[in-house]
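Coordinates in review
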Number of protein chains: 2
Amino acid sequence: MELEDAKRKFIESWGKLGSEWGINRTMAQVHALLLISPDPLTTEEIMETLSISRGNANMTLRDLIGWGLIEKQHKPGERKEYFFADKDVWNIAKQVAKERRKRELEPVIKVLDELSKVTGDANDPEFSTFNKSVTDINKLAKNVDKTLETMLGAEESWFWGGIFKLFK
Amino acid sequence: MELEDAKRKFIESWGKLGSEWGINRTMAQVHALLLISPDPLTTEEIMETLSISRGNANMTLRDLIGWGLIEKQHKPGERKEYFFADKDVWNIAKQVAKERRKRELEPVIKVLDELSKVTGDANDPEFSTFNKSVTDINKLAKNVDKTLETMLGAEESWFWGGIFKLFK
DNA sequence: TTAAACTTTCAAAACTTTTTGAAAGTTTAA
DNA sequence: TTAAACTTTCAAAAAGTTTTGAAAGTTTAA
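Here the structure is a predicted model, which is why all the values come from computation and not from measurement. (Residues numbered from 1 in each chain as written. Chains lettered and ligands numbered in written order. Predicted model: local features only at pLDDT ≥ 70, side-chain atom pairs only at ≥ 80, totals over all residues. Heavy atoms only, no water.)

**Points about the nonpolar core**
Which entries qualify depends on this criterion: The nonpolar core is taken to be a set of buried Ala, Val, Leu, Ile, Met, Phe, Trp, Tyr and Cys residues, with the residues joined through side-chain atoms within 4.5 Å. Exposure is judged per residue with a 1.4 Å probe applied to protein chains only, and the accessible area is read against the type maximum: over 50% gives exposed, under 20% gives buried, and values in between give partly exposed. Only DSSP runs of H or I covering at least 4 residues are called helices, and only runs of E covering at least 2 are called strands; the numbering of each starts at the N terminus.
Membership of the largest hydrophobic core comes to 46 residues, with the highest contact counts inside it found for Phe130(A), Phe10(B), Val30(B), Leu34(B), Ile46(B) and Ile70(B). Take this core: its biggest share by element is seven residues, from helix α6 (residues 125-153) of chain A. Ala6(A), Ile46(A), Leu61(A) and Leu105(B) belong to the second largest nonpolar core, which has 45 residues in total.

If you want it as structure tokens, here you go:
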């Protein structure tokens, strides 16, 4: 396969994966493009390469900055803004985990805590089934939360060495 | 909070979480409803409770069966089909992980393997940046895959004991 | 057989999300 | 100042996804 085809395929696959996991396809594609670009790119170049509008490019780039996945760069003597992605896969995974934890896991835990407090008659199957499911899911969510907290604070080494060894 | 409000809130939150993670909102809601129902429910009851159409209910129930999250049940002497959800949170997590691994992770690894094979001039920054990103992501994906494989085959105990202890 | 009870299908409609692009806003150099 | 270069905004349009509901299909009991 030619390098150019490979690049296109990478961008396409990354976009597809993103959309399957609730991340806007264009955002994932812009990220993919910057991941494989040796040099920072301008909004213009990104619009051109991915055939997207200026507005879309601008919003997507701001979102990516919000996720901590890319940064702006200024070249001396130039007006244009350049964008580049952090290429360190461990940082990327960490950033994504951190953001989703904050945006999605935390609000869910808040609701589950609230729902765990609901009281009722332990002999009422309606109540006891509700209560058991909610408290079990709450325990799981808190476990995942703790795990992420620990992982995000941990060193990089275990990550590349193989997470899986820990489960053997 | 009243039990009925709490149920509604649980269904709503589960639906929202699902949609943020690329799972159809209705599917997550039907799952939530069955999770907190002590007894199996008919299509009719599900349609009624969630105010959804017969077609939607039918398709969603079949999808949930496809994900291994719910099962059909027949009551002796009745024509209607009843549905109930596995209430074991460990099984649910396992099922979801297993399915997403098969549906999404595996295809991505296949593409990454293919893209890792692309050859080029190591002095060409276009090639070497592409190559580094692709091989790094491939390594990560394979690591995650191995980890899931091990976790899915492992015993339940570590799960409730606290995954996070492993990372301390 | 027949027909009632129930399930499945799928094209069209409703809804949601994403994208566009032109206008407004901002910054910089002269 | 001014105006050119560039960035941001946002209402409307397009695209994508989900839902509906009526019709077709299936199963069962008599």
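**Looking at the relation of the copies chain A and chain B**
We apply this condition: To superpose the copies, least squares is applied to the C-alpha atoms of every residue with a pLDDT of at least 70 in both. Whether two residues are in contact is decided by their heavy atoms, any of which lying within 4.5 Å being enough.
Of the transformation superimposing chain A on chain B, the axial component is 0.0 Å and the angular component is 180°, with the fit at an RMSD of 0.1 Å. What the rotation and shift describe, once combined, is the action of a two-fold rotation axis. Mapped onto chain B, 100% of the interface residues of chain A are again interface residues, and the two copies thus contact each other with one and the same surface.

**What about the packing of aromatic side chains?**
Let me state the cut-off plainly: A pair of aromatic rings is counted whenever rings of Phe, Tyr or Trp (Trp by its six-membered ring) have centres within 6.5 Å, and the orientation is called stacked for planes under 30 degrees apart, edge-to-face for over 60 and tilted otherwise.
For the structure on display, the rule yields five aromatic pairs over all chains. Both rings, one in Phe10(A) and one in Trp14(A), keep their centres 5.9 Å apart while their planes meet at 15°; by these two values the pair is stacked. Taken as a pair, Phe10(A) and Trp14(A) lie in helix α1 (residues 3-20) at a separation of four residues, close to a single helical turn. Overall, Phe10(A) belongs to the buried group, its relative accessible area being 1%. You can call Trp14(A) buried: its relative accessible area is 19%. The interplanar angle of 80° and the centroid separation of 6.2 Å between the aromatic rings of Phe10(A) and Phe130(B) together place this pair among those described as edge-to-face. Taken together, the residues Phe10(A) in helix α1 and Phe130(B) in helix α6 (residues 125-153) connect one chain to another.

**So, the protein's contact with DNA strand D**
Here is the rule we go by: Being near a molecule or strand, for a residue, means having at least one of its heavy atoms within 4 Å of it. Polar contact is defined as a pair of N or O atoms within 3.5 Å, subject to the rule that within protein one atom must be able to donate a hydrogen and the other to accept it, and that residues adjacent in sequence are counted only when both atoms are side-chain atoms. Here the term charged refers only to Asp, Glu, Lys and Arg, the term nonpolar to Ala, Val, Leu, Ile, Met, Phe, Trp, Tyr, Cys and Pro, and the term polar to all other amino acids, Gly among them.
Around DNA strand D lies a shell of 17 residues, among which Asn58(A), Arg62(A), Arg79(A), Thr26(B) and Ser53(B) are the nearest. Within 4 Å of the protein, the atoms of DNA strand D are drawn from sugar and phosphate moieties in a proportion of 66%. Between DNA strand D and Glu81(A), the relevant distance is 3.0 Å, taken from a phosphate oxygen to a main-chain nitrogen or oxygen of the residue. Contact distances for DNA strand D include 3.3 Å between a phosphate oxygen and a side-chain N or O atom of Asn56(B). Counting only elements with at least two residues in the surface near DNA strand D, the list comes to α4 (54-66) of chain A together with α4 (54-66) of chain B. Tallying contributions element by element places α4(A) first for the surface near DNA strand D, with five residues. Looking at side-chain class alone, the surface near DNA strand D contains two nonpolar, eight polar and seven charged residues.

Treat this as a map of the structure, not an account of what it does.
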